[in-house]
Each structure stands twice: as structure tokens, then as C-alpha cells.
Amino acid sequence: MNISENDSTESAIIYETPWTRNIKFSLFVALESPALICNSLLIFYLITDRTLRHTLHYHAILILLFVTLLTNLIEVPRIIHYLHVGIVSPQTALNCMIWQWCDYLLFSTVNLLMFWTSIERHFLIFHAHFYLTAKHRLLFHYLPFIIIIIYLILFYLAVIFIYPCTVQFDFSQPLCGFPCYTTYAIISFYDVFAHTYCPIFLDVLLDIILIIRVFCRKRVGLQQHQQQQRREWRKNCKMIFHLLLLTSVYLLLQIPFAVIIMLQTLIYLPEWAIRMQTVYFYYFFWLLTLLLPFVCVLCLPEVTKKLKNSLQQRVRRHHTVIPMNLTRH
């Protein structure tokens, strides 16, 4: 949510109607509670189950779930309130800057996490020996996640709270408009290029390359290791399925906003494109974080099985009939 966003947010008041606002409000309200419950349950089982907790390719999903949980706890209630009343409240500079910082931070974190997840799938499938020792797991697995989060926290702290620029808040727009640093071309271009365009484009490219590499590897497999390769193939297919499922939903909801922003900087867009951007695409990130927990359910069959067994046990206990001794008087 960066470059050319000023045009988008200024157009929001023109194109927004009570009908479009009510559609988004109703959708977000309907999804908020189920998403929070699903999000919390998935995190709980991924942390408490020892096997799942030590499965490396589930760690990216766990961190992504933490980010969506924070977004659904902090950001989505704010936007629901804004859609309900049509104005930002409380109308203070600090509130606006905190909202902008949280939103930009979480938005970019999702982008970079999805990008790194695509990179790591290549290592997990083709270079699994990188993760054999604790030192290598720290360097190649845990450290990248830590660096991404710390870097983004510091970057947005600097550009939103520290960078000297003229602040202008519009309480009639979501996020009170846009941060003042986005009016400076160099910083804004770096932000949108490094935290939006590159992760999205490279994510698509890496996933395509991964599919090609896995299928090529299967075709050139040695006959004497056929049984071992069959197990490895099933494991790789499982990881690819999880990645493609997450990536498909992510790209479906992130690409429209990113493409319109890029086109706004290059050509004159028709009114219908600007309307779609300001009224709908602008809100797709919050919709994404509400949908991702449900998508992650399909990526975590072990958790789904545990939840199903737990529910079945509860149902059986609820319907258990306790025999009573009946006596005639």
C-alpha cells in the first residue's frame, strides 16, 4: 500500500457508497469470528503437538498464522469500525500513525514471508542436507524469519515515525490516508518495489521453477531406488500442494491491487479501474488474512484429523446416556 496510493485513497470518498460499504462490512463481520477461532486452533495445535512443532516445512505456515492472527485482532476490527461509522476514531495523529505502521508492517510481512516460503521449499526438497545440524537449521531456517521481521519493524518505524515529512491525516479515509513518506519518490519506490512487486513476481517464478524441477527429478530417477523415490515423490508433492494452495489464494488477492498501483504510475487508467481499486482491491489484504486460516486447514491434515477426533469425542460424551435405576412406588 504505497506509491500512487494517494490517488486511490482520495478517490475513495467519491466512489464509496453506503451499499458498497455495507457489503464489505457484512463480509468482514461474518468472517472475523470464524477466522479468529480457526486461526487460534491451528496455532495451538502446531505449538503443542511435538511432531508438528518440529516439522520444518510447517514453521512458515505457523509464522504466517501468527501474522494473520495479529491482523485479524488489530487491523480487521479497525476497518470494520471504519466501515460501520464511515470515519476514523479516535481522530488523533498517534492513532493514525499506529494504524499505518501496523497495516504497512503486516502487509509487507505477509509478502516477504510468502516469498521466503517459496525459496525454502526449494531447499527443503533439493538441499535437505542444509538442515541436518542445529547450526545449519539456525542459519538457513530460523534466521531468515527473524531477519525479515526485525528488518520490517525497523523500516516502518523509521519511515512512519522518524522520517521528517509533512503529515496530513484525512479521518474520512481508511488508515487516515497514506503515510507522508509515500510522497517522496525514492523511499516510496523502494518500499513498493522491495516489499510488494519483487516478492509477488519472484513468488510466481519460484513456484513455477519448483514444479518443473520436481517433475524433472522424478523423470530422471534411478530404477534401483524406485521405492525410496516413490516415498520422496509423495512427500515433495505434499509440500508443493501446500505451497501452491497458499500461493494461489495469496496471489489471487494481492496481484489486482499491486497491478493497478503499477499501472497508475505508467498510464492513465479508466474510471472503472480506479473505482475497483479504491472500493474493492484496497480491502483485499484484510480479506486475505481472514481467508488464510481456512486455507491453512487444507495444508495441515494432521491438525484437521486431531480437530475432527476431538469434536467426535465431545459429541460422543454429549450423547452418552447414563442409565438410571427406576423403581416403582
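These figures come from a predicted structure and were not determined experimentally. (Residues numbered from 1 in each chain as written. Predicted model: local features only at pLDDT ≥ 70, side-chain atom pairs only at ≥ 80, totals over all residues. Heavy atoms only, no water.)

Trainee: How should I be thinking about the overall build of the protein in this particular structure?
Mentor: On a plain count of helices and strands, the protein comes out with 11 helices and zero strands. Each helix (α) and strand (β) of the protein, taken in turn from the N terminus, gives the series α-α-α-α-α-α-α-α-α-α-α. Across the 329 residues of the protein, 47% fall into the buried class. Restricting to contacts in the protein with at least 6 residues of sequence separation, those with at least 24 account for 81%. Taken as a whole, the protein presents about 17600 Å² of accessible surface, with 69% of it coming from carbon and sulfur. (Helix = DSSP H or I, 4+ residues; strand = E, 2+ residues; numbered from the N terminus. Buried < 20%, exposed > 50% of the residue type's maximum accessible area, 1.4 Å probe, protein only. Contact = heavy atoms within 4.5 Å. Areas by Shrake-Rupley, 256 points an atom, 1.4 Å probe, with all protein chains shown as cover.)

Trainee: Sorry, what's going on with the nonpolar core here?
Mentor: Proteins that are soluble and globular tend to have nonpolar side chains buried together. F28, Y156, L246 and W286 are the most contacted members of the largest nonpolar core, which has 84 residues in total. Contributing elements (two or more residues each) for this core: α2 (18-48), α4 (59-85), α5 (93-126), α6 (134-162), α7 (185-219), α8 (226-266), α9 (271-279) and α10 (284-299). With 14 residues, α5 is the single largest residue contributor to this core. Not counting residues within four places of it along the chain, the set of residues in contact with W286 comprises F28, T71, E75, V76, I79, D103 and L175. Listed in part, the 10 residues of the second largest apolar core include I125, M239, I240 and L243. (Core = buried A, V, L, I, M, F, W, Y, C linked by side-chain atoms within 4.5 Å.)

Trainee: What is the right way to read the packing of aromatic side chains from this model?
Mentor: Pairs of aromatic rings are described using the distance from one ring centre to the other and the angle between the two planes. Under the definition given, this model contains 17 aromatic pairs. With centroids separated by 6.1 Å and ring planes inclined at 65°, the aromatic side chains of Y104 and Y156 adopt a geometry described as edge-to-face. Residue Y104 is located in helix α5, and its partner Y156 is located in helix α6; the two are separated by 52 residues in the primary sequence. Assessed through its relative accessible area of 0%, Y156 is described here as buried. A connected cluster of aromatic rings, assembled from ring pairs, spans Y104, Y151, F155, Y156, Y181 and Y190. (Phe/Tyr/Trp six-rings, centres within 6.5 Å; stacked < 30°, edge-to-face > 60°.)

Trainee: Explanation requested: the state of the cysteines in the structure shown.
Mentor: Linking two cysteines covalently via their sulfur atoms produces the bond known as a disulfide. Applying the stated criterion to the full structure yields two disulfides. In this model C96 forms its disulfide with C176; the gap between the sulfur atoms is 2.0 Å. An S-S torsion of about -75° defines the bridge between C96 and C176 as left-handed. Of this pair, C96 sits in helix α5 while C176 is found in the loop between α6 and α7, placing the two residues 80 residues apart along the sequence. Exposure remark for C176: the relative accessible area of 0% places this residue in the buried category. For the protein, the bonded cysteines pair up as 1-3, 2-4 when numbered in the order they occur along the sequence. (Disulfide = S-S within 2.5 Å.)

Trainee: What is the right way to read the confidence of the model for the protein from this model?
Mentor: One rule of thumb: low pLDDT means the predicted coordinates there are not for detailed reading. Put simply, the protein has an average pLDDT of 85, and 87% of its residues get 70 or more. Within the protein, no element has a lower average pLDDT than helix α1 (residues 5-15), which sits at 54, and none a higher one than α4, at 95. The model gives residues 1-9 a pLDDT under 50, and that stretch makes 37 contacts with residues more than four places away or in other chains. (pLDDT = per-residue confidence, 0-100.)

Trainee: Looking at this structure, how should I read α10?
Mentor: For an α-helix, the turn length of 3.6 residues means that residues three or four places apart are oriented alike. A rise of 1.5 Å per residue sets the reference length of α10, with its 16 residues, at 22 Å; its end C-alpha atoms lie 22 Å apart and thus fit the reference within 8%. Within α10, 12 of the 16 residues are buried, which leaves the element mostly enclosed by the surrounding structure. Every buried residue of α10 is listed here: F284, F285, W286, L287, L288, T289, L290, L292, P293, V295, C296 and C299. (Expected span 1.5 Å × (residues − 1).)

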